[in-house]
Amino acid sequence: MEKIKRLYAVFVVVLLLSACVMFTVPTYSQADALAESISGASLFNEANVKGQTIDMYLIAGQSNASGNSKNILNGITINEVMYIGEREENIGSSAMFCKNNITTGLGINSAYMGPEYGMAFKLREHYTNTNPACIFKTAEGGTNLLDVTTGTLPSRFGNWYPRSLWQAPEHDGASHTGYLYYRFIENFKAAYNLLVSKGYTPVVKAFCWMQGESDRGEIYEYEKLIKVFIRDMREDIGKITGTDQSGLLFIMGEISTTFGSYSQQGGNQMFIDMQRDVAACGDPVKVATVDTSDLPINGPNGVIGSDQYHWNGTQMKTLGERFAECALENADKNYISLPQNSKCKVTADKLMFNDGEEVRVTFTPLSDYFYDKVYVNGQDVTSMIQGNVYTIPSASGNYIVTMDVRERTYFNITYSYDKERGGYDRRKSTAYKIYEGEDLVVVPEPKEGFYVGSVTFNGTALSEGVNGRYILEGGVKEDGEIKIYFYRDGEVPEDENSDGGSGCGKSADAAKVLSVAAALVMAAFVLKKF
């Protein structure tokens, strides 16, 4: 019996050890394996000092990102920036490679280039051979942000559909939907791990996105998806780096105004306007665009680019330089997040800024709604808003603006004035109803020989502005009466108790005479008494 017990105990131990082997997460991850499998990894430069910081600049998108521009002549070798990326590869395959420098020829093949060359050309001014930067790229030509899986290129490469919109939380690595998103994250993980294995501490500075040409016909849907895409990418990059990437600078290259043909400028411009709107809305934060309006791919007399869909090498170098310039200028700036409420428009004079700069936030109520409370980083600042503008005089750090919106009430306005002496301009003055929060404006029109003495609302004087306007700033908060007092020469302008149109108003001289007479009567009375 004792022998059986010992055998049973051994059996239990074996089972437990087996379970540990089965369920322990392996320390050697798939990303580690990919890092080692990156072509050229064994020759990749190691950090000079363990933990040396290296700035990473990411590139993604379709063909003008992957590189379909013919190489420029006499391109140089840029040793201040390293490279990790891949050529265009089909679903299920990968051909990542790395280089200790950047040259032309890192496009779809060695005869073509993408924005990485121009970026490196500009970045080299800020880095050195011993303190380099690193550009990482994953991009595929003719691919969509929308969930498009049909057609030659989407069938080969998949699409960029954002991760949070997938039917399953994890990608199976084979589905066309969101494959490029998945592929980018997996490749980035491998690139990041390679740098870490070489002794670097990578710091992601900017995400450069050159895409949208394939989705030009779905502007409204694209606008919604790109915001989701930005948030998802930041979250997933943050999981890999172990740092908060919610403020990672996201730079969109504007599509060419003449992409496809010179005659397609109207439709292309509509897409570009949407790109700019996304950058200007303040949610997501830290989004910028790179202007390409002076880089036409097609002209009135034919193709200017490498072909009718791709910039030529010189233009591509310029695009890359602009990506780098935007990144260098804005990557480390603070940001302000603005609420997206259809009932009240909120804008800021700058969405990215350095410490110490002034930032002005403007609130524009729409329709019959109004902001009731405004909070900045959780603090109620409603009382500090002047004329619908909240000012941060000396910014420090990041800001998140939120607000409570409620339905606005309106107030009834009446006008009172002597028609014999004048009136007011109904086109330029406040009507008989005014929504709360709106400035009260009156433009009096005195008749010949008369002047404006005062304009009041419920006894409160309006301030005289330019072009004959009288304004009550800060908004109306009750029903009320506007009184316009006109006077003529010889009358006291401030005397609103005059009988107005009768022409018998007391003049200043008459008032003085009465005052003197009263004084004499009083003096005579006093003398008589004594």
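Anyway, here's the lowdown on the structure attached to this text. (Residues numbered from 1 in each chain as written. Predicted model: local features only at pLDDT ≥ 70, side-chain atom pairs only at ≥ 80, totals over all residues. Heavy atoms only, no water.)

## Remarks on unusual backbone geometry
Selection rule: Helix and strand labels come from DSSP, where a helix needs a run of H or I of at least four residues and a strand needs a run of E of at least two; each type is numbered from the N terminus.
Put simply, D283 and P284 share a cis peptide bond, and its omega is 10°. Along the chain, P284 turns up in the loop between α8 (265–280) and β9 (287–290). For N377, which is not glycine, the phi torsion reads 50° and is therefore positive. Mapped onto the secondary structure, N377 falls in the loop between β16 (369–376) and β17 (379–380).

## Section: the sheet that holds strand β28 (residues 470–472)
Put simply, the test is: Two strands qualify as a pair provided DSSP detects at least 2 bridges between them.
Pairing in this open sheet of three strands is antiparallel, and the strands run β23-β28-β27 from one edge to the other. Each having just a single partner strand, β23 (440–442) and β27 (463–464) make up the two edges of the open sheet.

## Overview of the state of the cysteines
Our working definition: Cysteine sulfur atoms are paired as a disulfide whenever they fall within 2.5 Å.
Applying the stated rule across the entire model yields zero disulfides. Distance from the sulfur of C98, which forms no disulfide, to the nearest cysteine sulfur (C134) is 8.6 Å.

## A short note on the pairing of β9
Let me state the cut-off plainly: Handedness of a crossover: with both strands directed away from the viewer, a clockwise path from the first strand across the helix to the second marks it as right-handed.
Bridge analysis of strand β8 (residues 249–253) against β9 gives four bridges, and the strand direction is parallel. When the bridges of β9 are listed, I251 appears paired with A288. Each parallel crossover has a hand, and the one from β8 via α8 to β9 is right-handed.

## Let's talk about the packing of aromatic side chains
One pair of aromatic rings is described through two measures. These are the centre distance and the angle between the planes. How we decide: Note on aromatic pairs: the rings of Phe, Tyr and Trp (six-membered ring only in Trp) are paired at centre separations within 6.5 Å, and the planes decide the class, stacked below 30 degrees, edge-to-face beyond 60, tilted for the rest. Only protein chains enter the accessibility calculation, which uses a 1.4 Å probe. A residue is then buried if its area is under 20% of the maximum for its type, exposed if over 50%, and partly exposed in between.
Under the defined criterion, the tally for this structure stands at 29 aromatic pairs. Judged by centre distance (5.2 Å) and plane angle (70°), the rings of F136 and F184 are edge-to-face. Taken together, the residues span a long stretch of sequence, with F136 in strand β6 (residues 133–139) and F184 in helix α6 (residues 179–197) at a distance of 48 residues. By relative accessible area, F136 is classed as buried at 0%. By relative accessible area, F184 is classed as buried at 0%. An aromatic cluster of three or more residues is present, and its members are F136, W160, W166, Y181, F184, F188, Y192, F207, W209, F229 and F250.

## Some words on α6
Defined as follows: To estimate how far a helix should reach, multiply one less than its number of residues by 1.5 Å.
An ideal rise of 1.5 Å per residue puts 27 Å on 19 residues; α6 measures up with 27 Å between its terminal C-alpha atoms. Taken across its 19 residues, α6 has 15 buried, putting it largely inside the fold. Downstream of α6 by a residue or two, G199 has a phi angle that is positive, lying close to 95°.

## Focus on the pattern of salt bridges
Oppositely charged side chains are able to pair whenever their charged atoms sit close together. As a reminder, the rule being used: By definition, a salt bridge exists where a carboxyl oxygen of Asp or Glu is found within 4 Å of a side-chain nitrogen of Lys or Arg.
Going through the model one piece at a time under the given rule, you end up with 25 salt bridges. D380 is the partner of K373 in a salt bridge, and the nearest nitrogen-oxygen pair spans 3.5 Å. Among the residues examined, K373 registers a relative accessible area of 32% and is labelled partly exposed. Take D380: its relative accessible area is 34%, and that puts it in the partly exposed class. Taken together, the shared-partner salt bridges connect R163, D232, E235, D236 and K239 into one network.

## Some points on the side chain of N312
Rules: Any two residues whose heavy atoms approach within 4.5 Å at even a single point are treated as in contact.
Among the structural elements, N312 can be located in the loop between β11 (302–303) and α9 (313–330). Each residue touching N312, except ones within four places of it in the same chain, is listed here: S69, I304, G305 and S306.

## Structural notes on the side chain of K198
Going by this rule: The charge count treats Lys and Arg as positive and Asp and Glu as negative. His and the chain ends do not count. Nitrogen and oxygen atoms within 3.5 Å of one another constitute a polar contact, given that in protein one can donate a hydrogen and the other can accept it, and given that sequence-neighbouring residues count only through two side-chain atoms.
Tracing the backbone through its elements, the reader meets K198 in the loop between α6 and β7 (200–210). Of the buried charged residues, K198 lacks a salt bridge, with E46 as the closest side chain of opposite charge at 4.3 Å. Of the polar contacts made by the side chain of K198, one reaches the backbone oxygen of A41; its length is 2.9 Å. In this structure, K198 is in contact with A41, S42, F44, N45, E46 and A47, ignoring residues within four places of it in sequence.

## Points about the nonpolar core
Under the convention used in this document: Definition used in this section: a nonpolar core is a set of buried Ala, Val, Leu, Ile, Met, Phe, Trp, Tyr and Cys residues joined via side-chain atoms within 4.5 Å.
Among the nonpolar cores identified, the biggest contains 90 residues, and I84 and F207 are the most heavily contacted of them. A per-element tally of this core places α6 first, with 10 residues. The next biggest cluster of nonpolar side chains, apart from the first, holds 21 residues, and it includes I336, V359, Y371 and Y390.

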